[in-house]
Each structure stands twice: as C-alpha cells, then as structure tokens.
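Listed below are the residues making up each chain.
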Amino acid sequence: MQSGKQTRAEIHAANLSDAAGLVHGTGGILVHFLYVGIAGQEFHKICFSASSTLDKISSMKSHRAWQGIRLKKSLAVFSDEEPERSVTLPASWEPAAAAALAVLAPGSGPVHIVEAAERWVAPIARSAAGIGLDASIGERLHRLLCMRRGAPCAEIWQAQTCSLPGFVLNLPAFWVPGEGLDVTGLAEAAGLATTALALAFPQAGRIGVGFADFAGLLARLGIPYDSESAGALAAGLAALLWARSRIASAHLRERQGEIAEQRRVSAFPPAPPPATPLPELDATIRAAWSEVIAAGVPRHFATTALFVPGPVEALLGVETGGIAPAFSPLNEEGKLTRWAEAWLAAQGLSAETALALEIAGRSVFPPPVPLRAQLAVYDAVAPFFASMPPKPEEFVAIAPAASLPPRRRGYTQRISVGGHTLFLRTGEYEDGRLGEISLTLTKASASFRALLDAFAQAVSIGLQHGIDLAVFVEAFAFTRFAPSGKVEGDPAVERATSIIDYVFRHLAVNFLGRTILPAEEEAADTVGEGANEAEPLLPMALPHSASPRARRRALRVIEK
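Now for a quick tour of the structure. (Residues numbered from 1 in each chain as written. Predicted model: local features only at pLDDT ≥ 70, side-chain atom pairs only at ≥ 80, totals over all residues. Heavy atoms only, no water.)

## Side note on the overall build of the protein chain
As a reminder of what qualifies: Counting from the N terminus, the helices are the DSSP runs of H or I reaching at least four residues and the strands are the DSSP runs of E reaching at least two. Buried residues are those whose accessible area, probed at 1.4 Å on protein chains only, stays under 20% of the maximum for their type, while exposed residues exceed 50% and partly exposed ones sit between those limits. The contact rule is simple, with two residues in contact once any of their heavy atoms fall within 4.5 Å. Surface accessibility follows the Shrake-Rupley procedure with a 1.4 Å probe radius. Residue values consider only the protein chains on display as shielding.
Secondary structure summary: the protein chain contains 17 helices and 21 strands in total. For the protein chain, the proportion of its 560 residues judged to be buried stands at 49%. Expressed as a percentage of contacts within the protein chain between residues at least 6 apart in sequence, the contacts between residues at least 24 apart total 67%. Summed over its atoms, the accessible surface of the protein chain is roughly 25900 Å², and 55% of this surface lies on carbon and sulfur atoms.

## Overview of the sheet that holds strand β12 (residues 206-212)
Put simply, the rule is: Two strands make a pair as long as DSSP finds a minimum of two bridges between them. Axis lines are fitted to C-alpha atoms, over the contacting stretch for helices. Their N-to-C directions set the angle, which ranges from 0 to 180 degrees.
Across the sheet, four strands lie side by side as β8-β9-β12-β13; this open sheet has mixed pairing. The open sheet has two free edges, formed respectively by β8 (150-152) and β13 (302-304), since each of these has just one partner strand. Along the sheet, successive strands turn relative to each other by an average axial angle of 15 degrees, direction set aside. In this structure, β12 lies alongside β13, joined through two bridges in parallel fashion. Bridged to V209 within β13 is T304.

## Topic: unusual backbone geometry
In this model, A482 is joined to P483 through a cis peptide bond whose omega is 0 degrees. Locating P483 in the fold gives a position in the loop between α14 (469-476) and β18 (485-488). Residue A159 is not a glycine yet carries a positive backbone phi of 55 degrees. Within the element layout of this structure, A159 appears in the loop between α4 (154-157) and β9 (166-170). Positioned with a positive phi, F478 is a non-glycine residue whose angle comes to about 70 degrees. With respect to the secondary-structure elements, F478 resides in the loop between α14 and β18.

## Some words on helix α10 (residues 338-346)
Residues three or four positions apart in an α-helix share a direction because the helix packs 3.6 residues into each turn. All of the buried residues in α10 are W339, A340, A342, W343 and L344. Residues of α10 that are buried make contact with α6 (214-221) and α11 (351-359). In the stretch just after α10, G348 is the one whose phi turns positive, near 75 degrees.

## Side note on the packing of aromatic side chains
Under the convention used in this document: Aromatic rings from Phe, Tyr and Trp, taking only the six-membered ring of Trp, are treated as a pair when their centres fall within 6.5 Å; an angle between ring planes under 30 degrees marks them as stacked, one over 60 as edge-to-face, and anything in between as tilted. Two conditions define a charge sitting above a ring: the NZ of Lys or the CZ of Arg must be within 6 Å of the ring centre, and it must be within 35 degrees of the ring normal.
Applying the stated criterion across every chain yields a total of twelve aromatic pairs. Taken together, the ring pairs in this structure connect F455, F472, F476 and F504 into an aromatic cluster. Above the face of the W93 ring, R148 is positioned so that its terminal group lies 4.4 Å from the ring centre. Just above the ring of Y429 sits the side chain of R433; from NZ or CZ to the centre is 4.3 Å.

## With respect to the environment of M388
In this fold, M388 is placed in the loop between α12 (371-381) and β14 (393-394). The contacts of M388, once residues within four sequence positions are left out, are L306, I323, Y378, V381 and A382.

## A few points about the packing of helix α13 (residues 446-464) against α14
Threshold: For this classification, Asp, Glu, Lys and Arg are treated as charged, while Ala, Val, Leu, Ile, Met, Phe, Trp, Tyr, Cys and Pro are nonpolar and the rest, including Gly, are polar.
The contact between α13 and α14 brings their axes to 9 Å, and the two run at 145 degrees. The segment α13 lies against α14, with F455, V459, G462 and L463 engaging L469, F472 and F476. Split into classes, the residues belonging to the contact of α13 with α14 amount to six nonpolar, one polar and no charged.

## Describing the sheet that holds β18
Spatially, the five strands line up as an open sheet ordered β17-β16-β15-β18-β19, and their pairing is antiparallel. Across the chains shown, the open sheet's two edge strands, defined by having one partner strand only, are β17 (434-441) and β19 (495-496). Note that strand β15 (residues 412-417) and strand β16 (residues 420-428) share six bridges and pair antiparallel. Considered in β16, the bridge of I415 is made with L422. Against the sheet, helix α15 (residues 499-511) contacts β15, β16, β17, β18 and β19, and its axis sits at roughly 40 degrees relative to β16.

## Points about the pattern of salt bridges
Applied cut-off: For this analysis, a salt bridge means a side-chain nitrogen from Lys or Arg found within 4 Å of a carboxyl oxygen belonging to Asp or Glu.
The final tally for this structure, using the stated rule, is ten salt bridges. R505 serves as the salt-bridge partner of D501, at 2.9 Å between the closest nitrogen and oxygen. Taken together, the positions of D501 and R505, both in helix α15 and four residues apart, correspond to about one turn of that helix. According to the relative accessible area criterion, D501 is buried, its value standing at 0%. For R505, a relative accessible area of 4% gives the class buried.

## Section: the pairing of strand β6 (residues 85-90)
Moving residue by residue along a regular strand, the side chains alternate between the two faces of the sheet. Among the six residues in β6, six count as buried, and that is most of the element. As defined by bridge partners, strand β5 (residues 70-76) adjoins β6 across six bridges and the pair is classed as antiparallel. When the sheet's bridge partners are listed, L71 is paired in β6 with P90.

So, in structure tokens, the structure goes:
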C-alpha cells in the first residue's frame, strides 16, 4: 500500500465486499481472496484529502509509545453517502491506513489513532490488572500498534462479539535494517496477542493469532517464494506462533480458569522443520517447543489462525495477506511496491540499475509464482494453524475469443410483449453457431436500454469465449419482471415472463433445437421472484405451491 495523492484522490484498501469471492492473479492462477496483495483490492470507494497540519501527541502523554511521533490529520470518506471523517494518524502512514482507521473506529465523527486504540486497549489492561498480570500490557499493545507490528480484529476495535477473535502480526515490521528479523520481538508479540485476545473475549474457547505479508519478509531476506527455503521459513514462523501462543494460553489457564466447554485440547502438530534460513529462529523455536511441554494444558482449544485480509492489514501497511505471494512489483500508481524495493535492496540493486537491466531484457524480479509453490507453502504452515482459508486453486483459463467473420449471417426477430416492441438481432459463425446478440426495446428509458445493451454485449463475449448457449438458457429462462405476457410475432414462444425470458427461450428453439414448456401465468413481482415467493411463511408452514425460482430449477425441456 503505497502512499497516494494528497488531493481527494480515490484510494484503495482491503476488499471487504467480496471476502467470499475469487480474484484473479497473474501467471495463469486464480487465487482465493487470501492470496492477493491488499494493495490490489478495493472494499469501498474512499475519497481522501490531507491537510498540511502536522501535530505531535500532547494530550496522550500517558502512552509513551506514541510520544514524539508526528501526526497527520486527514479527511476520509467511507462512502459517497456518508460525510467526511477527520482521521489523525502518523504522518508516515499511507492514505489507505487513514481509510482503514475510518472503517475500524466506531461512529462517524473525528477519530484519533491513539484514542481509537485506547478504547480497546484500556478494557484489556483493566482485565489484566484484575487477575494480577503485568501492568504494562496496555503500553505494550500501544507500542505494537505504533510500530505497525500488530493489531486485533475489527470486532475488538468496535467492541462487538466475534466467533473467532483474531490478532494479526505484520512480519516485515519485525525486520530491523542492519540486524535482520527480530525473532525475540516476534515471539513476545505472539504471547502478547494471545493474552490480549483472551482478556478481550474471556469465554472464547478458540482464538486466532496469525501473521501477514510473508512475501514481504521473503523479499527482505532475498529468498524466492518458489524455493525450499521459503517453505521451511513459513513452517518455522508458524511453529513459533503456535508454541508461544499455546504457552501464553497455558499461563492464562492458571489465572482465568478453565473454559467448561473447551476441555478437549488439540493434538500437537508435527515437529517444526529441523532448519530454517534463520539460525536464530531455529534456536527460539527449540526453546519454545520445550517450554510448551512444561507449560501444561492450555486454556484454549485453538490459538492460531490465518485470516482473510481486511482493514486491520491496511492499517498496518500490509501488502499481501497471510502467506500470499506478491504478484506484481508495481502498485496501482505504477510505483514500486515495498516488496519490490526490499527485493532490489536484498539483491544490491538500485531502482535505476534495475530499470536499466529490465530495458536490456534482463528480469530482476522473480517470475510469477506457480501454483505448486503456493501449495507447498500452504501445506508447510497448515499443521500449525487451526483455521485457514481454502487452498488456492489453479485458474482454468477462459478459451481465446473466436472472432466472428467481418460479414456474417444472422437475422432480426421483431416481437411484442406486453405492448413493448423488442428487436432481437443475431450474428452467427460460418458453421451456424450463435456468436452474438443485440437487443433493442423501443418503449424503455435510456437507462434501461443501456443496461439491456450491456447485457447483450456480455452474453456475446461469453459466447465468443466458448460458453455454451445452454448455460445462458438455463440461467435466464423464466426470469420474471415486466413487461411480460403474451408474445406476438413468434409462434415458437407463446408467452414470456420477461423480455430476457423470451430471448433465451427463442434462442433455445432456434439454435439448440429445444422447446421449453411455458410457465404457468403468475403476476410479475420482482426480478427472479414471483408473488408466491414473496409470501411470508408461518413457523413450520410450507408454501402451498412451488415458487417461480423452484419451477426454474425443474423446467422441462423437449428435444425436437
């Protein structure tokens, strides 16, 4: 997430709207939402403007972690329908972080990073004091956030309930220039995060401490993602998190007691890798593994997890979620990502030298990461995480477009449905296959005509990329909205539940040799939902007849 323009430019942060969807990477891979660089995602359109005011924390002197840090006051707009929100955070943080804080902090008024953090830190600190834990836990949590090393899930920021409380550790933030990975700091952060989650959700039997931007750490080490070293490092980091979080959970059991419904304890994962690229990590893992046995039974059934990237990762400046590889050295503005800069630094190259080499035809960045390498890293860490998104899947490439001939056959069908005239035009390949359609509805608003035209173009693109017409027929036959009713001008289709219904039943007759029996008459209600489907059901009641959507699933097709 690189810094954007400072003048009401749209900026992009992590994708919340399609967390359960799929996104495309490069190199012929379709990657799950976890496996994508956060800088390439968009969860809301956010306008951003920055003031030139730079402040120092003065009213938060009790939090030494933030003292002396220059702050920037910005205006972030969560959506076009909501007013601008004043956001104050460190001046060195990206605009995407301001947008993320606007999302994380509850309410709609001004938000200050220290005040927003204190809202969730203070209750944790009070709970810690109540059971006799270290009084510095609040200050340590502030420092972790201030250094952008870690932050809890959005539910903790917003004081909401959560099925799996989570805490994300930003791996590149533990890299100390000139010294390497702060393994001790990472181990301590894992224990601190476990304690914070346990105090924030004392009745939760499952919590999740995880990490993000593994690709960024690999770049700083100069290790290609597609290597045995990458898999060993990923497994070692996951093993360290598992061990330190389990130790912290066992210590909390002595103070908080046992959770009644979580008496069963998960089995030990396999032994960590015998060696990683970092000897200091190996020594820390061995020490933690021995301490796990001495610590005894943990309080929680599960303590580690990998999560779908969201606003917390954006606040921390994470570029890739979890164990995802980096897919491009450039961000949306055409500038080098921090991953790319770190990779060049590890290779001893400046940006100018890299550009010269690229112009000369020599690639300075690793090739696209194959699916095999992603699966290898996934399998390496999976034993140490109780919860993970599904594995990335190989992208089934869409067939190349088969261009229609410049002069092609086709016909124009004119019909009337419910008093509205429709012109359906077709374009065919030389072998008679349907390759394109266009739709013109005479009595319609400009907006509806534009939508209908865009729909026809989308169907045409699908047909030209090899999608079977039968797939479209199955999807859109009996779609229900006005105009509908008796069809005039086409004896093959006597009635239609909508314009779209007519189009695809007509195409089924003329290009697939199929006749789809008409649906029984029913008043139009909403797109895809008839009047029966809108009726409320009493408890334990069943619908008295099948809904239009149910009839579509069971539509009968007759071959000519």
